[in-house]
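Structural description and commentary
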Amino acid sequence: MIAGTTKDRERIVDIIVDSFDDNKSTNYIIKQDTKRKQRLRRLIEYSVFQGEKFGKLFMSDDKNGACILLFPWSKKTTLTSLIRDVRLVVTVIGFTRVKEVLKREKLLKKNHPRTPFYHLWYIGVDSNCQNKGIGSKLLDEVLTYCVDKPVYLETSVASNLDWYGKYGFEIIETLDLGYTLYVLRKK
């Protein structure tokens, strides 16, 4: 189901924070200090905002799975988005890490097409509810929504590659960023 309420947004943040707490790619972006958990939450709140403005938010029917899907072709720079980007640098990334994070984003964009595509930015399941088919059902729903354009995603979790492969995703690039980041595409 497509999420829309404030309560849904809060639940999506909780699920994604829980699912990505130990994720190498997400933690690469976040300044690693005593405020890491707080920074992770702010990153996901930023991501949910991006999903609301320039994509869709999905939740499983039982509200234990969540997905942030972006429509990169619809992203516009506005005063609000600029303020949020600056806030992201100050509260999540830290000024000393901006160059590295921008370099990573440039590498990722190099692997994305110039034509419209969907970006499956985050998908996760509450850690207390994993291995029950919630993520699979949610991914089915998201991919049913995405029938008219290719879908791209990145993962640093090698054990997820087989799961994504079952849905027709193929590795198109492997990046070494001090950790391995796989770029996948589903046509």
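Description of the structure in this document.

1. Quick notes on the sheet that holds strand 2 (residues 65–70)
As summarised here, the arrangement of the six strands in space is 1-2-3-4-6-5, forming an open sheet in which the pairing is mixed. Here the strands that pair on one side only, and so sit at the sheet edges, are strand 1 (55–59) and strand 5 (170–176). The sheet shows a mean angle of 20 degrees between the axes of neighbouring strands, taken without regard to direction. Note that strand 1 and strand 2 share five bridges and pair antiparallel.

2. Re the environment of leucine 108
Residue position: leucine 108 is located in helix 5 (residues 98–110). Of the residues examined, leucine 108 reaches a relative accessible area of 4% and is grouped as buried. For the pair leucine 108 and glutamate 154, spaced 46 residues apart in sequence, the C-alpha to C-alpha distance is 8.4 Å.

3. Looking at the pattern of salt bridges
Taken as a whole, this structure holds 11 salt bridges when the rule is applied. Between glutamate 100 and arginine 97 there is a salt bridge, with its nearest N and O atoms 2.4 Å apart. Residue classification places glutamate 100 among the partly exposed positions, given a relative accessible area of 36%. Judged by relative accessible area, arginine 97 falls into the buried class, the value being 16%. With a shortest N-O distance of 2.7 Å, aspartate 148 and lysine 149 are connected by a salt bridge.

4. Quick look at the packing of aromatic side chains
The geometry of an aromatic ring pair comes down to the distance between the two centres and the angle between the two planes. Summed over all chains, the structure comprises 13 aromatic pairs. With centroids separated by 5.6 Å and ring planes inclined at 75 degrees, the aromatic side chains of phenylalanine 71 and tyrosine 118 adopt a geometry described as edge-to-face. In this pair, phenylalanine 71 sits in the loop between strand 2 and helix 4 (79–93) while tyrosine 118 sits in strand 3 (residues 118–125), placing the two residues 47 residues apart along the sequence. Comparing phenylalanine 71 with tyrosine 118, the two get one shared label, buried.

5. Concerning the nonpolar core
The biggest cluster of nonpolar side chains holds 24 residues, and the ones touching the most others in it are Ile12, Leu43 and Ile44. Among the elements of the structure, helix 1 (6–19), helix 3 (36–54), strand 1, strand 2 and helix 4 are those that each provide at least two residues to this core. Ignoring sequence-local partners within four residues, the contact set of leucine 43 consists of Thr26, Ile29, Ile30, Leu88, Val92 and Tyr122. Grouped together as the second largest cluster of nonpolar side chains are 20 residues, Phe58, Cys67, Tyr167 and Tyr182 included.

6. What about a nonpolar patch on the surface?
Together, Val86, Val90 and Phe95 make up a nonpolar patch on the protein surface, roughly 320 Å² of accessible area in all. Its location among the elements puts phenylalanine 95 in the loop between helix 4 and helix 5.

7. Observations concerning the packing of helix 3 against helix 4
Close contact between helix 3 and helix 4 brings their axes to 10 Å; oriented N to C, the two are set at 165 degrees. With respect to helix 4, the element helix 3 is oriented roughly antiparallel. Helix-helix and strand crossings are classified by hand; for helix 3 and helix 4 the assignment is left-handed. Residues Arg39, Arg42, Leu43, Tyr46, Phe49 and Gln50 of helix 3 lie in contact with helix 4, whose contacting residues are Thr80, Arg84, Asp85, Leu88, Val90, Thr91 and Val92.

8. Examining helix 4
Taking 1.5 Å per residue as the helical rise, helix 4 with its 15 residues ought to reach 21 Å, and the 20 Å between its terminal C-alpha atoms agrees with that figure. When we look at burial in helix 4, the residues that qualify are Ser81, Leu88, Val89, Thr91, Val92 and Ile93. As for helix 4, its buried residues are in contact with helix 2 (24–29), helix 3 and helix 5. Two residues or fewer after helix 4 comes glycine 94, characterised by a positive phi angle close to 90 degrees.

Rules and cut-offs
- Residues numbered from 1 in each chain as written.
- Predicted model: local features only at pLDDT ≥ 70, side-chain atom pairs only at ≥ 80, totals over all residues.
- Heavy atoms only, no water.
- Pairing = 2+ DSSP bridges.
- Helix = DSSP H or I, 4+ residues; strand = E, 2+ residues; numbered from the N terminus.
- Axes fitted to C-alpha atoms, helices over the stretch in contact; angles between N-to-C directions.
- Buried < 20%, exposed > 50% of the residue type's maximum accessible area, 1.4 Å probe, protein only.
- Salt bridge = Lys/Arg side-chain N within 4 Å of Asp/Glu carboxyl O.
- Phe/Tyr/Trp six-rings, centres within 6.5 Å; stacked < 30°, edge-to-face > 60°.
- Core = buried A, V, L, I, M, F, W, Y, C linked by side-chain atoms within 4.5 Å.
- Contact = heavy atoms within 4.5 Å.
- Patch = residues over 30% accessible without salt bridge, like charges linked within 9 Å, V, L, I, M, F, W, Y side chains within 5 Å.
- Areas by Shrake-Rupley, 256 points an atom, 1.4 Å probe, with all protein chains shown as cover.
- Parallel < 35°, antiparallel > 145°, perpendicular 65-115°, else oblique.
- Left-handed = near helix turned anticlockwise from the far one by under 90°.
- Expected span 1.5 Å × (residues − 1).

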